[in-house]
Each structure stands twice: as structure tokens, then as C-alpha cells.
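Geometric and topological summary
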Amino acid sequence: MIDLCGIELRGPVLNGSGTYDAIAARRTFGDELLERFPFDCFVSKTITLAPRQGNPPPRLWETPAGLINSIGLPNKGLEGFLADDLPQLAELPVPLCVSVMGFDHEELKKLVGAVGEHEDVSLIELNFSCPNVETGLIMGADPAETAVALEALRPLTEKPLIVKLTPNATDPAAVGAAAEHSGADAVSLINTLKGMALHPSTGEPWLGGTTGGVSGPAIRAIALEQVHSVSKAVRIPVIGMGGIASGRDAADFLSAGATAIAVGTESFRDPAAGGRIAAELEALSRKVRQFSPEAVR
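Residues numbered from 1 in each chain as written. Predicted model: local features only at pLDDT ≥ 70, side-chain atom pairs only at ≥ 80, totals over all residues. Heavy atoms only, no water.

1. Brief notes about helix α7 (residues 220-233)
To keep it simple, the criterion reads: We count a stretch as a helix when DSSP gives it H or I for four or more residues in a row; a strand needs E for two or more, and each element gets its number in order from the N terminus. Here, expected helix span is obtained from the residue count minus one, scaled by 1.5 Å. The buried label applies to any residue whose accessible area, calculated with a 1.4 Å probe on protein chains only, is under 20% of its type's maximum; exposed applies above 50%, and partly exposed to all values in between. It is the directions from the helix axis to the C-beta atoms whose arc is reported.
In this model, α7 (14 residues) spans 20 Å end to end at C-alpha, consistent with the 20 Å of a helix rising 1.5 Å per residue. Considered for burial, the residues of α7 that qualify are Ala223, Gln226, Val227, Val230 and Ser231. Along the axis of α7, the buried residues cluster in a sector spanning 130 degrees; they form a single face. Exposed residues pointing more than 90 degrees away from the buried face of α7 are listed as Ala221 and Lys232.

Okay, structure coming up:
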């Protein structure tokens, strides 16, 4: 068991927002999914105030070590999520974290205020990867922007607030410290890196959104360094993610300073990856305990 922002989890493995559709998985596998749920806490797809269709297709490009996605946050909007998705997600056997994103502080306030009223929601993730339309700055890339947003949101709910950091910040550690100082209960990182793919015949952008987010093992070394850097700058929990595909990868992130980890791209290849990685991590932990100096004595 681990404690994440006062919420007790049976283990340290979460999913990356938007990388595992628990509702669709339950339709496919039935209630057996609840008995063998692959994560210790479920993070919803990011929701926005108004419904979004997302980016035009094509939306995915496979790289030699991961994916580039240009999904564009398709979702039902706040009202649709609360009416349709939340009742189903509340039936999952693990705590629920709802991810939200707004294009200005007023949108964020409405999202956090509404989501925070629901007992079935244990934590709220603030996806600060979009520009603030009032300033043009990426909220999660600038320490001052992050601080102002947190100061507006913190009084609205007693639920733990997790700030999802962008790897495109000049100084992620400074952003993490600003988030902690302004009331964040945890930070999660890294989000995807900006990338692009070209059509092999025309040389034009392949993705419907022109650019996309690179994820998977290709970004793991970058993620590991940023988790290490941010964890040294904050005292709140750090949720590490970015190319985690095995228990060994997860153990590295925990050694680098993460309290918990999140599995994303690997779930596209292996829908049971969360459970497999948790089992591999536990096996590694048992081996370490077996050969620790205390055990030898």
C-alpha cells in the first residue's frame, strides 16, 4: 500500500490520462475487468468545459520507439462526463483521478469546482499543457503562470490537486516548485514532447493536426532526468511517467524520486501492461529485500 496525497492505493501504478479507456475495456471484458483491473488508481481522459471533437485524422504515427499522437483531447465536455462517464468510472475498484484542462482560469475554476463536488472523485489532475488565452503562455511551462492558476483553484476544493507538468518548460523544477508553493498536492511528469511525422510519399505532414506528442521508450531518458530534477526541488509526491514499459523501468523512476508511476503508451501494445509492470516491480522489490544487508544479517 502507498499513500498518495492522503489517498491510500494498493500499489504505485497509475495509467497516463487518455491512454486506457476503462469504459470500453469493461464493455469488452465485462466484470472480469474489475477483478483484474491493471492499475492502482485510474486517471480519466482529460475533460474540457465544452465538448471537443479532437483533431482530424490521421491521429497516430508509430516511431521506432514509441508513438506520435495528435488526438486533440476529444471528450464529451464537463456535463457529458458527469452524466455519462463518471457513474461508470465510479464503479472501478480503485480510486478515481479526474483530469481537467481549461483555456483560461475561469474555465478551470468551473471544471475544478464541479468535479470537486463529487464524492466518487478522489483526486483532480490539472493538465496545464495548453496556452492561457489571456496571456498566450503555456500554463505549465511558466512558473508564474502555474502559480497564478493554482492560487485561483486551490480554494475551490479540498480534493488533492495534481499538476501535470509539460517537458517543454525551460526549467521544469522551477515550475514544480511554484506549483507546490501555490497549493499543489503532487506533480506528475512528463507529458509528451512535441514531434512531427512526414508522409513518406508527399513529404507533407502526416498527422491531421500537423504536429503531435511523442511518447514511449524514446522519451524515457528525458523523463527520468526531469523526474529526478523535479523531485529534488519539491517535497510533495512526484508521479513519474514517460516510456515505462517494464518493472525495471518503473523501479528506475521510483529510484529517481517518484512516489508513483504511470503507464501510457505501453498499454496500447499490451492492455494488461499495468498489471504486468506492477508484478515485475514487486518481484524486483522482493529480490532487493532478499539480498539487503538487513536480510543477510
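Back to the text.
2. Here's the deal with the pairing of strand β5 (residues 60-63)
For clarity, the cut-off: A pair of strands is treated as paired once DSSP finds two or more bridges between them.
Bridge count for β5 against strand β6 (residues 66-69) is 4 bridges, and the pairing is antiparallel. Pairing of Glu62 across the sheet is with Leu67, part of β6.

3. Topic: the pattern of salt bridges
Keep this limit in mind: Whenever Lys or Arg places a side-chain nitrogen within 4 Å of a carboxyl oxygen from Asp or Glu, that contact is recorded as a salt bridge.
Within the structure shown, the criterion is met by 16 salt bridges. Of the charged contacts, one joins Glu91 and Arg26 as a salt bridge, the two residues approaching to 2.4 Å between their closest N and O atoms. Of this pair, Glu91 sits in the loop between α3 (77-89) and β7 (96-100) while Arg26 is found in helix α1 (residues 22-29), placing the two residues 65 residues apart along the sequence. The exposure class assigned to Glu91 is partly exposed, which follows from its relative accessible area of 46%. The partner of Glu266 in a salt bridge is Arg276, and the shortest N-O contact between them spans 2.9 Å. Of this pair, Glu266 sits in helix α9 (residues 266-269) while Arg276 sits in helix α10 (residues 273-290), and the two are 10 residues apart along the sequence. The exposure class assigned to Glu266 is buried, which follows from its relative accessible area of 11%.

4. Focus: the nonpolar core
Counted only if it meets this: We define the nonpolar core as a collection of buried residues of types Ala, Val, Leu, Ile, Met, Phe, Trp, Tyr and Cys that are connected through side-chain atoms lying within 4.5 Å of one another. Here a residue-residue contact requires only that any non-hydrogen atoms of the pair lie within 4.5 Å.
The biggest cluster of nonpolar side chains holds 65 residues, and the ones touching the most others in it are Phe37, Phe42, Val100, Leu126, Phe128, Val163 and Val187. In terms of residue count, helix α4 (residues 105-116) provides more of this core than any other element does, 5 residues in total. For Leu126, the residues in contact, after removing those within four places along its chain, are Val100, Val112, Leu150, Leu153, Leu161, Ile162, Val163 and Lys164. Counting 16 residues, the second largest nonpolar core, distinct from the first, contains Cys5, Leu9, Cys97 and Leu123.

5. So, the packing of helix α5 (residues 143-153) against helix α6 (residues 172-181)
Worth spelling out the cut-off: Note on method: axes are straight lines fitted to C-alpha atoms, helices fitted across the in-contact stretch only, with angles between N-to-C directions ranging 0 to 180 degrees. When describing relative orientation, an angle under 35 degrees is termed roughly parallel and one over 145 degrees roughly antiparallel, while 65 to 115 degrees is termed roughly perpendicular and anything else oblique. Each helix crossing is assigned a hand: it is left-handed if the near helix lies turned anticlockwise from the far helix by less than a right angle, otherwise right-handed if that turn is clockwise. Charged means Asp, Glu, Lys or Arg here, nonpolar means Ala, Val, Leu, Ile, Met, Phe, Trp, Tyr, Cys or Pro, and polar covers whatever is left, Gly included.
In contact at an axis separation of 8 Å, α5 and α6 are set at 20 degrees when each is read in the N-to-C sense. The angle between the axes of α5 and α6 places the two elements in the roughly parallel class. Relative to α6, α5 is oriented so that their crossing is right-handed. Facing Pro143, Thr146, Ala147 and Leu150 of α5, the residues of α6 in contact are Ala174, Val175, Ala178 and Ala179. Split by residue class, the contact of α5 with α6 holds 7 nonpolar, 1 polar and no charged.

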